[in-house]
Amino acid sequence: MKIFGREFKLFNYKLEGKGVKKEPEGPKNLKNFFKTFAGKFTRLVTVNMYYIFGNFPILFAMLAFSGNLNRDSWAPAYKMFAPLWGVIKHEQSPVTAALFGIFGTQTSVGFPTVLTYIAWGLSLLLLFTFGYVNIGTTYIMRNMIKGEPIFMWDDFWYAIKRNLRQGMIMGIIDLVFSVLVVYDIVFFYFNTGVSMMMNIMFYASLLLALVWFWMRFYIYILLVTFDLSIFKIMKNSLIFSIIGFKRNFMATLGIAVMVIITYLLMVSVFPIGIIIPFVLLFADCSFMACYAAFPKIKEIMIDPYYTEPEPEEYEEPIFHDLG
């Protein structure tokens, strides 16, 4: 399109040309982390919105779990109510009256309704959105770390369309396994002290949760960067979770600090604390994970393939796995 003799390219999303500002090369050490974080703050807020709205089915799960859709009824608060009620039917005395005053109290109990089951059913949509949202946001995060130009909306959907099949499979595996790990931790925690085996399983569940947490740093980056099978992505992520221990630990420490600060603000200054998860929390944690993971992936799986200067234009090559 020409205006006053000058040519303008409308709706041209190519990354070349004067119209695209080159992002600075992303630093990969702790010293420059905060500088990089501050420079990309507004984009992180946008990514956090993708996490919130993309995983909207979790709101249905929270609504069903809250009990607001249940039907309230009354039931005995103590197990002693039934035998005590049987005694009172045959013999009444000051003792039974006093005991009934203690163990005869009633409590409110919620029973699921049709709306409750509908909300639980709608929450299952998270199985289909979870992986895609992680793929799109991870692709944006990776490009931030690499220092590449970013088109937020276009890059988000580009990564999803490019990984439709693997994205859904990996999202289901990730969500189901994460829920099972949390369930195991809670189950064995409340059964510690029952036997030595329960104690061992509790600490084993904690270790498994930590390894899986570190594997998630790498799973989606490997998925959007390389052409690998699900099995090889999982295997390589496990390897990186071990050999990248130092960077993984520092990222975990940063994520823990962010979560603790958010929790303390929610407890002490609720109006401010409740805003953080909707504005920054998820994107901030994801950014720290990608900041720690991608340099290690680049060092081991990308740099060995570029012993010579890279051409100006190239497509991302197909790399092999670590094993």
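Please read all numbers here as calculations on a predicted model, not as lab measurements.

Enquirer: Even after reading the chapter, I still don't get the overall build of the protein, so can you show me in this structure?
Expert: Each helix and strand counted, the protein has 14 helices and four strands in total. In the protein, which comprises 323 residues, the proportion classed as buried is 36%. If you take every contact in the protein between residues at least 6 apart in sequence, the share linking residues at least 24 apart comes to 75%. Accessible surface for the protein amounts to roughly 20300 Å². Of this, 70% is attributable to carbon and sulfur atoms.

Enquirer: Would you mind going over the packing of aromatic side chains with me for this structure?
Expert: Any two aromatic rings considered together are summarised by their centre-to-centre distance and by the angle between their planes. A full pass over the atoms with the stated rule returns 23 aromatic pairs. Among the aromatic residues, ring-to-ring pairing joins Phe33, Phe34, Phe37, Phe41, Phe287 and Tyr291 into one connected group.

Enquirer: So what exactly am I meant to see when it comes to the packing of helix H12 (residues 245-268) against helix H14 (residues 275-302) here?
Expert: Pairs of packed helices are described in terms of their axes, by the angle between the two and the distance that separates them. Two elements in contact, H12 and H14, have axes whose closest approach is 8 Å; the angle formed by their N-to-C orientations is 170°. What the angle tells us is that H12 and H14 run roughly antiparallel. Judged by residue contacts, Arg247, Ala251, Gly254, Ile255, Met258, Val259, Thr262 and Leu265 of H12 engage Ile276, Pro277, Leu280, Leu281, Asp284, Cys285, Met288, Ala289, Tyr291, Ala292 and Pro295 from H14. Split by residue class, the contact of H12 with H14 holds 15 nonpolar, two polar and two charged.

Enquirer: Looking at this structure, I do not really get a nonpolar patch on the surface. What am I missing?
Expert: Taken together, the side chains of Phe56, Ile58, Leu59, Met62, Val114, Leu115, Ile118, Leu122, Leu125 and Phe128 present a nonpolar region at the surface, about 920 Å² in accessible area. Where the nonpolar patch is concerned, the elements lending two or more residues are helix H3 (57-66) and helix H6 (114-123). The greatest single-element share of the nonpolar patch, amounting to four residues, is contributed by H6. Here Phe128 is to be found in helix H7 (residues 126-146).

Enquirer: Would you take a moment to explain the pattern of salt bridges for this structure?
Expert: On inspection of all chains with the given rule, the structure shows four salt bridges. The salt bridge partner of Arg216 is Asp174, with a shortest N-O separation of 2.8 Å. Of this pair, Arg216 sits in helix H10 (residues 196-225) while Asp174 sits in helix H9 (residues 164-189), and the two are 42 residues apart along the sequence. A relative accessible area of 23% means that Arg216 is categorised as partly exposed. The class for Asp174 is buried, based on a relative accessible area of 0%. For the salt bridge of Lys298 with Asp303, the shortest nitrogen-to-oxygen distance reads 2.9 Å.

Enquirer: Looking at this model, I keep getting lost on helix H4 (residues 81-90). Mind explaining?
Expert: Each full turn of the α-helix corresponds to 3.6 residues, which orients residues three or four apart in the same direction. All of the buried residues in H4 are Phe81, Leu84 and Ile88. The buried residues of H4 occupy one face: seen down the axis, they fall within an arc of 70°. Every exposed residue of H4 that faces more than 90 degrees away from the buried side is listed here: Ala82, Lys89 and His90. Among the structural elements, strand S3 (71-76), helix H5 (94-103) and strand S4 (106-111) are those in contact with the buried residues of H4.

Enquirer: Would you take a moment to explain the confidence of the model for the protein for this structure?
Expert: When the pLDDT values of the protein are averaged, the result is 83; 85% of them are 70 or greater. A low-confidence stretch, residues 1-24 (pLDDT under 50), is modelled with 23 contacts involving residues beyond four sequence positions or located in other chains.

Enquirer: Can you walk me through the packing of H10 against H12 in this structure?
Expert: The N-to-C vectors of H10 and H12 enclose an angle of 100°; their axes lie 11 Å apart at closest approach. With respect to each other, H10 and H12 are oriented roughly perpendicular. In this structure, H10 uses Phe213, Trp214, Phe217 and Tyr218 to contact H12, whose residues at the interface are Phe245, Asn248, Phe249, Ala251, Thr252 and Ile255. Broken down by class, the residue content of the contact of H10 with H12 amounts to eight nonpolar, two polar and no charged.

Enquirer: Hey, could you run me through the environment of Ser66 in this one?
Expert: Examined against the element boundaries, Ser66 turns out to sit in helix H3. Residue classification places Ser66 among the partly exposed positions, given a relative accessible area of 40%. At 3.1 Å, the side chain of Ser66 and the side chain of Asn68 are in polar contact.

Enquirer: Hey, could you run me through the environment of Val211 in this one?
Expert: Tracing the chain through its elements places Val211 in helix H10. On the basis of relative accessible area, Val211 is assigned to the partly exposed category, the value being 26%. Those residues in contact with Val211, other than ones at most four positions away along the chain, are Leu238 and Ser241.

Enquirer: Just checking my understanding: could you explain the pairing of S3 for this structure?
Expert: For a regular strand, the rule is simple: side chains alternate between the two faces of the sheet. Across the six residues that make up S3, only a small minority, zero, are buried. Judged from the six bridges that link them, S3 and S4 form a sheet pairing that is antiparallel. Paired with Pro76 across the bridge in S4 is Gln106.

Enquirer: Please clarify how the side chain of Gln166 should be interpreted in this entry.
Expert: Within the element layout of this structure, Gln166 appears in helix H9. According to the relative accessible area criterion, Gln166 is buried, its value standing at 12%. A distance of 2.7 Å separates the side chain of Gln166 from the backbone oxygen of Leu228, its partner in a polar contact. With near-sequence residues (within four places) excluded, Gln166 lies in contact with Leu223, Leu228, Ser229, Ile230 and Ile233.

What counts, and at which threshold
- Residues numbered from 1 in each chain as written.
- Predicted model: local features only at pLDDT ≥ 70, side-chain atom pairs only at ≥ 80, totals over all residues.
- Heavy atoms only, no water.
- Helix = DSSP H or I, 4+ residues; strand = E, 2+ residues; numbered from the N terminus.
- Buried < 20%, exposed > 50% of the residue type's maximum accessible area, 1.4 Å probe, protein only.
- Contact = heavy atoms within 4.5 Å.
- Areas by Shrake-Rupley, 256 points an atom, 1.4 Å probe, with all protein chains shown as cover.
- Phe/Tyr/Trp six-rings, centres within 6.5 Å; stacked < 30°, edge-to-face > 60°.
- Axes fitted to C-alpha atoms, helices over the stretch in contact; angles between N-to-C directions.
- Parallel < 35°, antiparallel > 145°, perpendicular 65-115°, else oblique.
- Nonpolar A, V, L, I, M, F, W, Y, C, P; charged D, E, K, R; others polar.
- Patch = residues over 30% accessible without salt bridge, like charges linked within 9 Å, V, L, I, M, F, W, Y side chains within 5 Å.
- Salt bridge = Lys/Arg side-chain N within 4 Å of Asp/Glu carboxyl O.
- Arc of directions from axis to C-beta.
- pLDDT = per-residue confidence, 0-100.
- Polar contact = N/O pair within 3.5 Å; in protein donor to acceptor, adjacent residues only side chain to side chain.
- Pairing = 2+ DSSP bridges.

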